[in-house]
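Next come the chains, spelled out residue by residue.
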Amino acid sequence: MQTHILGYPRIGSNRELKKACEQYWSGKTSLQELLETGRNICQQNWKTQQEAGIDLIPCNDFSYYDQVLDMTLTVGAIPKRYNEVMLKTSNSELDLYFAMARGYQKDDLDITAMEMTKWFDTNYHYIVPEFYKDQEFKLFSNKIVNEFAGAKQAGINAKPVIIGLVSYLLLGKEKEEGFDKLDLAPKLLPVYIEILQELQTQGVEWIQFDEPFLALDLSEKAKETYQFIYNEIRKKFPKLKFIVTTYFEGLKDNLSLANILPLDALHIDLVRCEEQLDDVLNTLPKNRILSLGVVDGRNIWKNDFEKSLQLIKKVTDKLGSEKTFIASSCSLLHSPCDLDLEISLDTDIKQWLSFAKQKLTEVSLLKELSENTSNENILNAFEENKKAIANRKSSALIHHNDVKLRVDSINETDSRRNNSFLIRKETQEKVLNLPLFPTTTIGSFPQTKEVRSWRSQFKKGILSSEDYKYLLKEETQKTIQWQEKIGLDVLVHGEYERNDMVEYFGEQLAGVTFTKKGWVQSYGSRCVKPPIIYGDVYRPHPMTVYWSQYAQSLTDKWVKGMLTGPVTILQWSFVRDDQPRSITCQQIALAIRDEVRDLENAGIRIIQIDEPAIREGLPLRKSGWNDYLKWAVEAFKISSCGVDDATQIHTHMCYSEFNDIIQSIAEMDADVITIECSRSQMELLNAFADFKYPNEIGPGVYDIHSPRVPSKEEMVELLQKAQKVIPASRLWVNPDCGLKTRHWDETEKALIAMVSASKEASLSYNANTLETVN
């Protein structure tokens, strides 16, 4: 019996990679220093897994930004617009790589970043490969081989992790019409073969191909491509051992496809789809190893050893232990690094948890326990596990009867506005009196070093509550005045009191706790600390009213109240697994509903309830969509529908494809929706146009995830594209997302250009309208 994991967090226990990347990007450290940080993290990760007793230790699971972008660079799928960057960066592979991820704006070049979107149903974002009909591939980067060699030098014959060829193509996007990206498979295959040949020369034993699309709905063409690719690879490498991993869902109707692929081992996710096990066992080809994903790579709850051992026994009874691998359900990329660093967590709650480092131990202990060990330490660990699981089930911390009764009392009127959008729009136009193409931002403004240091000092007790509040008030006042100065129409208070759009609310909701070091990568150097929802959720007191009311008192313009929606709080938290997610979401929705009402009573007439994660929560199989969308949309409406017609409800969504859920977005019935559109050059807006989306829309006119500052002309062009598909009377002008991660110099230039673009679009529209009338 062998143990392995599918991947390990690469940010470092103290976010060493984040800090190193950002220092390099700002020119404060050298390339060699950044590379050294990367090597140190890899070495530490391998050592940690080795000490925990993991047999097959992964390599190439490390990345300086994103594993999909790594593969894009490796196979030379570099968009032509970056050709000049290669010359300007002295052929530095990593500088080219970062330019693709973040854009490039220096040396007289101004090049946009590649598109970014969500990794399946997680809050991790990947850089989307761009494919063209005449695409050529070549081995451009030796990262995969180099990392294997580095592990070997450290005494580990590691298991390289490679995104499977078919999944890599399916993750990408056709950038021109007239072809299917799967048609590129025969052209890409030689590069994969070249990589495998080099790994074979280096002495590799096992290779992990990640093929998450095998757990999704597949076209017949995709199924045929899978067979072609793996048959060709096996012909070339009859002696290499291949494990294909699936995760986040079950194989289901793709089981027969997986069974005919020439593999040595197949990995299945038994956390997300335990029910697939019997079918897999009954049809598994002879001599194939089955890898059991029994330790949850997506959540932080301690593994229930008794339950996992029952699953393992079922498999070993049928296949034998030599044909059984024990593993994490997916990469531990989605888990915080080390629970041992949490010294202030409630001890009762802490005993229920397991982070990435602890999950390694769980995998190893399950192997020992399944082999009927007599080791006293192992058996004691088993007893401790039983006690922790039992303690959680019976804990009084979890249940709150008033919350349960309120959820049970929800009725249809709780999720319905008083009147239709058209009636509300008339009322809002009279009350709000906004111009054509009204300008606003998505919420947050740059969190400078000073702001972050104030928060740190306040939390450490160095800065008093009064002094902290005074500093935040000053910063808020400056931001309001600056927005007025440049001519924004709807202002925001800047959110300086907030650390993260979900963590901030998690800290104030009952039934939720949070960590000090529980960082998880969201994209690039962006890390978040997801709250831990351990019990029934309710709002003990108002969360945002003070700051919204203060900001509104500083100006005659409207200031938006800024909230995070119930689905996003759910999706971006580690959620309790002892009740349906829909129930937890309803509890959060009621808490947000209370906050919305208090904001309205405080005179806030525009309230934004962000739901960037609503599409992310979709089940990966379409058969589960209707049920999810029903409760997700209802949760948003519960949170937003307790207000008068004159109160304008906004929502924000980003990095999503909207075509297939546009009906549900319309059913949310927000007065205004703002969406990410700039990286896709307004392509995402087509879904709203084709559907004839009835409410108002703010398509983002510049990408805040890149440091480059777009010109006014660029934004005017995007607004012109938007007007071709959405009536001007329903268009807002805003950035793609919040500005917290940007610097002030970038923000000021970009927003000044955005306001100017809005004015030009308005003048042009009025002129054209007058000409048409004449």
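So, here's what we can say about the structure. This structure is a prediction, so every number in the text was calculated from the model and none was measured. (Residues numbered from 1 in each chain as written. Predicted model: local features only at pLDDT ≥ 70, side-chain atom pairs only at ≥ 80, totals over all residues. Heavy atoms only, no water.)

**Observations concerning the packing of aromatic side chains**
Turning to step 1, where the next piece is worked out: Following the criterion strictly, the structure yields 26 aromatic pairs and no others.
Turning to step 2, where the next piece is worked out: On the numbers, 5.5 Å between centres and 40 degrees between planes, the contact of F209 with F242 is tilted. Placement of F209 in strand β10 (residues 206-210) and of F242 in strand β11 (residues 241-245) is noted, with a sequence separation of 33 residues between them. For the pair F209 and F242, one class covers both residues: buried.
Turning to step 3, where the next piece is worked out: Three or more aromatic residues link up through ring pairs in this structure, and these residues are W119, F120, Y126, F213, Y247 and F248.
Turning to step 4, where the next piece is worked out: For the cation-ring pair, R15 lies above W519, with the distance from its terminal atom to the ring centre recorded as 3.7 Å. (Phe/Tyr/Trp six-rings, centres within 6.5 Å; stacked < 30°, edge-to-face > 60°. Helix = DSSP H or I, 4+ residues; strand = E, 2+ residues; numbered from the N terminus. Buried < 20%, exposed > 50% of the residue type's maximum accessible area, 1.4 Å probe, protein only. Lys NZ or Arg CZ within 6 Å of the ring centre and 35° of its normal.)

**Let's talk about the sheet that holds strand β16 (residues 510-513)**
Turning to step 1, where the next piece is worked out: Taken in spatial order, the three strands make up an open sheet running β16-β19-β21, and their pairing is mixed. For this open sheet the edge positions go to β16 and β21 (574-575), each flanked by a neighbour on one side alone.
Turning to step 2, where the next piece is worked out: With two bridges connecting them, strand β19 (residues 532-538) and β21 associate as parallel partners. Directly across from I532, in β21, lies its bridge partner F574.
Turning to step 3, where the next piece is worked out: Strands β19 and β21 of the sheet are contacted by helix α23 (residues 581-601), whose axis makes an angle of about 55 degrees with β19. (Pairing = 2+ DSSP bridges. Contact = heavy atoms within 4.5 Å. Axes fitted to C-alpha atoms, helices over the stretch in contact; angles between N-to-C directions.)

**Examining the pattern of salt bridges**
Turning to step 1, where the next piece is worked out: Following the criterion strictly, the structure yields 51 salt bridges and no others.
Turning to step 2, where the next piece is worked out: One salt bridge connects E616 with K118, and the closest N-O pair in it is separated by 2.5 Å. Within this pair, whereas E616 is found in the loop between β22 (606-610) and α24 (625-640), its partner K118 is found in strand β5 (residues 116-118), the two being separated by 498 residues in sequence.
Turning to step 3, where the next piece is worked out: What makes E616 buried here is its relative accessible area of 4%.
Turning to step 4, where the next piece is worked out: Through salt bridges with shared partners, a single ionic network connects K404, D536, R576 and D578. (Salt bridge = Lys/Arg side-chain N within 4 Å of Asp/Glu carboxyl O.)

**A closer look at the environment of L184**
Turning to step 1, where the next piece is worked out: Assignment of secondary structure puts L184 in the loop between β9 (173-174) and α8 (185-202).
Turning to step 2, where the next piece is worked out: Distance in space between the C-alpha atoms of L184 and L169 is 7.9 Å, their sequence separation being 15 residues.
Turning to step 3, where the next piece is worked out: Residues contacting L184, with those up to four places away along its chain left out, are F131, Y132, K133, Q135, F137, L169 and F179.

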